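So the chains spell out like this:
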Amino acid sequence: MGALPQLAQEGERLLYWGAGALTLLFTLVAAFTCRLLLAYLGRWKALKPIPGLSPCYPLLGNALLFERNGEDFFKQIMQYCEDFRNQPLLKCWIGPLPLLILYHPDTIEVILSSSKHIQKSYQYKFLYPWLGTGLLTRMSDIIQHRQKSPWLWPDFMYSMVHEGREHNRILKILHSFTDSVIAEKSQEIKNHEQHKTDFEGKCEQSGCKKRRAFLDMLLNTTDDKGNRLSYMDIREEVDTFMFEGHDTTAAAINWAIYLLGCHPEAQKEVHRELDEVFGNSVRPVTMDDLKKLCYLECVIKEALRIFPSVPCFGRTTSEDCYIKGFKIPKGTDAVIVPYIIHRDPKIFPDPEKFRPERFFPENSSGRHPYAYVPFSAGPRNCIGQRFAQMEEKAVLATILRCFYIETSQKQEELGLVGELILRPSKGIWIQLKKRRECVT
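Small disclaimer: the values here were computed from a predicted structure and weren't measured. (Residues numbered from 1 in each chain as written. Predicted model: local features only at pLDDT ≥ 70, side-chain atom pairs only at ≥ 80, totals over all residues. Heavy atoms only, no water.)

> Any chance you could break down the packing of aromatic side chains for me, citing the residues and the numbers?
Enumeration according to the criterion identifies 9 aromatic pairs in this entry. Measuring from centroid to centroid gives 6.5 Å for Phe348 and Phe359, while their planes differ by 35°, and the two rings are tilted. On the criterion of sequence distance, the pair formed by Phe348 in the loop between helix 14 (338-341) and helix 15 (361-364) and Phe359 in the loop between helix 14 and helix 15 is long-range, its members being 11 residues apart. Taken as a pair, Phe348 and Phe359 share a single burial class, namely buried. With 4.8 Å between their ring centres and 55° between their planes, Phe359 and Tyr372 make a pair best called tilted. Of this pair, Phe359 sits in the loop between helix 14 and helix 15 while Tyr372 sits in the loop between helix 15 and helix 16 (385-402); the two residues are 13 residues apart in sequence, bridging distant segments of the chain. (Phe/Tyr/Trp six-rings, centres within 6.5 Å; stacked < 30°, edge-to-face > 60°. Helix = DSSP H or I, 4+ residues; strand = E, 2+ residues; numbered from the N terminus. Buried < 20%, exposed > 50% of the residue type's maximum accessible area, 1.4 Å probe, protein only.)

Dropping the structure here:
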């Protein structure tokens, strides 16, 4: 019988500690929530003077306005930018997070010219598992849907839904491929290490100089203290370069081919230039040839103006700044939209017209340096842009030396989707007609 009072006392003690723990937890959650609400209200007040979309609801923001379909969503955002063309910038709220949309050269200059505002925006957080913090990151349909849905932002919530599980499955495939590439190259380096002295000796005797591939350099790079890059660092950069080496460049080539098919006069001028450089030869394209293909270069630039491979990208302000008299608080995400910037009729008259001569030296002189940003601009511009343009020139020159391109597809039939890469949802349909014997 003496045990019962003791058990009752023990139960009271546990109940007391349990109630205390719950009270503490509730207090911490309440304090954290109040802090978030105060920060949200402070940001709301600071950004209130900036023109924005409506209706805008507390905490939800403009999220209920947005189309769920990728093609419709892209059209919707581009239309908002056009509707606010006469305003210096546009504000929208994705749930509790504000986004500033910038689409004028002088407003994006404030962000892109700064050596401080170089941090990628919050939305890139969802891309980190794919490509880390590398040079460029891919936005699939899955990730874009998550960006538009604030309730899917917490990782634990996302992993519980079918879409999150599909994301993880695809991510595993991507990384397993990258892992196999790195492992194969690492083994190759080890196998050739023992022959290194003999090989270098032969190179010195023959006067040749061995060029190292990008992955070779990553695997052998060390810092000032002699430490090599970690495996994760290497994988991030390999993921990035594998993507940047094909997806953005392929998109640019795709759009250039389509536009040449739509404009036979421009294509005729490209053929004339190619015939001047190559004649009737079937030899491969050389670096010297690329320097002579000036009109083809203008074609590529104009294609990137109309259809920039990356239609929008984000930055986060690292300190308070002012854009056209509006104060932008530190930590605000800004989305820069080349697709709209390149369609400013004051800078590019008849912006929907395909006119490669816009990029003749005499026509480009005096143009605002931030009016054309297919590779971004400033301290964090694309370091591979020169290589990308050379690659596009070489591929297009090889194709156009051999073929005429024709298409009857109208631009409104393409179904543009602006994920991170601008692509046609319905594909591009062309016909190739042989001109002469192709380059082998």
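> Outline helix 16, supporting the account with residue identities and numerical values.
Between its first and last C-alpha atoms helix 16 spans 26 Å; for 18 residues at 1.5 Å apiece the expected length is 26 Å, and the two agree. Along helix 16, the residues classified as buried are Ala388, Glu392, Lys393, Leu396, Ala397, Leu400, Arg401 and Cys402. (Expected span 1.5 Å × (residues − 1).)

> So what's going on with the side chain of Arg343? Residues and values would help.
With respect to the helices, strands and loops of the structure, Arg343 is situated in the loop between helix 14 and helix 15. A polar contact is formed between the side chain of Arg343 and the backbone oxygen of Ile306, at a distance of 2.8 Å. Polar contacts involving the side chain of Arg343 include one to the side chain of Glu352, which spans 2.8 Å. Once residues within four sequence positions are removed from consideration, Arg343 is found in contact with Arg85, Arg305, Ile306, Pro351, Glu352 and Gln411. (Polar contact = N/O pair within 3.5 Å; in protein donor to acceptor, adjacent residues only side chain to side chain. Contact = heavy atoms within 4.5 Å.)

> Explain the packing of helix 11 (residues 264-278) against helix 16 residue by residue, including any values.
Relative to each other, helix 11 and helix 16 sit at 95°, their axes nearing to 10 Å. The angle between the axes of helix 11 and helix 16 places the two elements in the roughly perpendicular class. Note on element contacts: helix 16 touches helix 11 through Ala397, Leu400 and Arg401, opposite Gln267, Val270, His271, Leu274 and Phe278. (Axes fitted to C-alpha atoms, helices over the stretch in contact; angles between N-to-C directions. Parallel < 35°, antiparallel > 145°, perpendicular 65-115°, else oblique.)

> Which residues make up the environment of Ile94, and what are the values?
Among the structural elements, Ile94 can be located in strand 1 (residues 90-94). For Ile94 and Phe66, which are 28 residues apart along the polypeptide, the C-alpha to C-alpha distance reads 9.5 Å.

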